[in-house]
Amino acid sequence: MADQRSRYISNLTRDTYALILAGGKGSRLHELTNWRAKPALYFGGKFRIIDFPLSNCVNSGIRRIGVVTQYKSHSLIRHLVRGWGHFKKELGESVEILPASQRFSDSWYEGTADAVFQNIDIIRDELPKYVMILSGDHIYRMDYGDMLAKHKESGAKMTVSCMSVPLEEAAGAFGVMSVDENYRINGFEEKPANPTPLPNDPTRCLASMGNYVFDTEFLFEQLRVDAENMGSQRDFGKDIIPSIIADHPVYAYPFEKSGGDNAYWRDVGTIDSFWEANMEMVAPVPQLNLYDRKWPIWTYQEQLPPAKFVWEDHDRRGEAINSVVSGGCIISGSTLRSSICFSNVRVHSYGLIEDAVILPDVEIKRHCKLKKVIIDRGCVIPEGTTIGYDHEQDKARGFRVSEKGVVLVTREMLGQPVGGLSKPRKHD
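Residues numbered from 1 in each chain as written. Predicted model: local features only at pLDDT ≥ 70, side-chain atom pairs only at ≥ 80, totals over all residues. Heavy atoms only, no water.

Participant: In this structure, what is going on with the pattern of salt bridges? I would like to understand it.
Facilitator: Two side chains bearing opposite charge may form a pair once their charged atoms approach each other closely. Using the criterion set out here, one finds 21 salt bridges in the structure. The partner of Asp-267 in a salt bridge is Lys-38, and the shortest N-O contact between them spans 3.0 Å. On the criterion of sequence distance, the pair formed by Asp-267 in strand E13 (residues 265-267) and Lys-38 in the loop between strand E1 (16-21) and strand E2 (42-43) is long-range, its members being 229 residues apart. As far as burial versus exposure is concerned, Asp-267 and Lys-38 are alike and both buried. When salt bridges with common partners are traced through the structure, they connect Arg-28, Lys-38, Asp-137 and Asp-267 into a single cluster. (Salt bridge = Lys/Arg side-chain N within 4 Å of Asp/Glu carboxyl O. Helix = DSSP H or I, 4+ residues; strand = E, 2+ residues; numbered from the N terminus. Buried < 20%, exposed > 50% of the residue type's maximum accessible area, 1.4 Å probe, protein only.)

Participant: Honestly, the sheet that holds strand E17 (residues 330-332) in this entry has me stumped. Any pointers?
Facilitator: Remark on secondary structure: sheet strands pair via backbone hydrogen bonds, oriented parallel or antiparallel. Strand order in the open sheet formed by five strands is E14-E17-E20-E22-E24, with parallel pairing between adjacent strands. A strand with exactly one partner marks an edge of an open sheet, and here the two such strands are strand E14 (308-310) and strand E24 (380-381). Sheet topology note: the strand E20 (residues 346-347)/strand E22 (residues 363-364) ladder contains two bridges and is parallel. Of the residues in E22, the one forming a bridge with Val-347 is Ile-364. (Pairing = 2+ DSSP bridges.)

Participant: Help me understand the pairing of strand E8 (residues 158-166) in this model?
Facilitator: Regular strands place side chains that alternate from one sheet face to the opposite one. The buried fraction of E8 amounts to eight of the nine residues, a majority that puts the element mostly inside the structure. Bridge count for E8 against strand E11 (residues 204-215) is eight bridges, and the pairing is antiparallel. In the sheet register, Met-163 faces E11, and the bridge partner there is Ala-207. Sheet topology places E8 next to strand E12 (residues 250-254); five bridges connect them, and they run parallel. Pairing of Cys-162 across the sheet is with Pro-254, part of E12.

Participant: I tried to follow the pairing of E12 on my own but got confused; where do I start?
Facilitator: In terms of residue burial, E12 counts as a mostly covered element, since five of its five residues are buried. Both faces of E12 are covered, namely the face carrying Val-250, Ala-252 and Pro-254 and the face carrying Tyr-251 and Tyr-253.

Participant: Just checking my understanding: could you explain the side chain of Ser-135 for this structure?
Facilitator: Locating Ser-135 in the fold gives a position in strand E6 (residues 130-135). Of note is the side chain of Ser-135, whose polar atom sits 2.6 Å from the side chain of Asp-137. Residues within four places of Ser-135 in sequence aside, it is in contact with Ile-20, Leu-21, Pro-53, Met-209, Gly-210 and Asn-211. (Polar contact = N/O pair within 3.5 Å; in protein donor to acceptor, adjacent residues only side chain to side chain. Contact = heavy atoms within 4.5 Å.)

Participant: Quick question: what am I supposed to make of the confidence of the model for the protein chain here?
Facilitator: Per-chain confidence: the protein chain averages 93 in pLDDT, with 95% of residues scoring 70 or above. Of the regions scoring below 50 in pLDDT, residues 424-428 engages in 16 contacts with residues more than four places distant in sequence or in other chains. (pLDDT = per-residue confidence, 0-100.)

What follows is the structure in structure tokens.
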């Protein structure tokens with residue numbers, strides 16, 4: 001019976017085309033998305049955010065994928081070409097990049113629904129029975145095959161993945177739905193200020209994860225109707241879902257029932273949530289297990305030497321405690337504690353780095369003390385710098401301090417050129 005179930009799901013995934021929406025601005029991340037789209041932002045030591053929905057597709061057996069791009073997409077497209085360009089179209093698999101081509105209008109993508117509508121001809125050429133529309137800017141692991149099976153078995157025309165979240169987290173941030181005892185959606189609000197709580201828990205609500213499954217022809221029909229509505233904002237949450245739940249079977253798929261106690265999903269859309277999600281990776285047993293060989297997260301990674309820790313003198317020792325350190329890093333005579341270092345980071349002697357997210361190609365000179373910081377790619381932290389201990393001083397120096405006290409440092413804030421990265425220095 002289990003083999004028949006697996007065969008059934010594999011047939012569903014083969015009949016599915018996935019469209020990943022990766023064109024968002026990510027404005028709440030401020031300077032972190034000044035030069036890159038949010039899905040291209042680094043995460044977890046060696047990955048990019050876009051790698052998670054892409055890996056979920058491949059691991060689920062969905063191998064026909066389109067990635068919709070728009071804002072500041074150069075680094076995202078470069079990553080997709082390098083890390084995801086090996087699929088063979090003649091074998092029925094592909095990862096295609098879909099920028100706004102203005103085939104159906106003179107506008108760029110005007111909303112999530114419009115981004116799909118402008119690519120109807122590309123989807124139709126694939127002849128899928130189902131279209132899965134995925135957000136490109138969340139961190140999670142999910143077997144989409146289970147969601148497809150529930151969609152098929154329920155008789156739904158549309159299925160929305162959802163997760164229970166605290167009311168204060170959902171307010172103004174997520175689409176919120178109400179459902180009946182069979183999880184048919186009977187109410188939907190996009191980013192309400194006062195979300196409708198769950199009947200059995202007044203502190204939580206049912207939030208949309210931004211992942212949808214549609215019967216293909218039903219999707220096309222609704223997109224055409226929406227395109228003709230002059231008052232529409234061309235958005236699934238604001239327009240499509242509220243307009244169809246009364247007359248069509250639209251069901252919620254609770255992610256917790258699929259992932260159980262290990263269900264993990266993070267919207268890393270703010271400085272604080274980005275820092276917090278990365279910090280979760282340094283726990284001895286993180287909830288998001290990146291070491292699971294049965295569900296790997298694929299990415300592009302240049303060939304780099306192993307991480308290196310040097311010096312063991314009485315006054316300086318290269319060490320990392322409860323930390324993640326990626327390839328090409330050299331920790332020279334300093335201590336890292338509860339921190340995450342992306343590729344090619346150089347930390348020189350006599351420093352203390354705590355609760356830090358250090359993006360690739362950063363160099364931290366001698367005698368630096370950094371605490372609860374995000375250091376953007378390519379920064380050179382001058383000798384003797386202290387950040388994170390006096391927030392008023394941090395602000396006066398031009399650094400951004402978040403609501404929860406995370407200090408963001410970028411090259412512009414340091415007065416360093418953005419056009420090229422500094423060459424790695426010899427470690428001392």
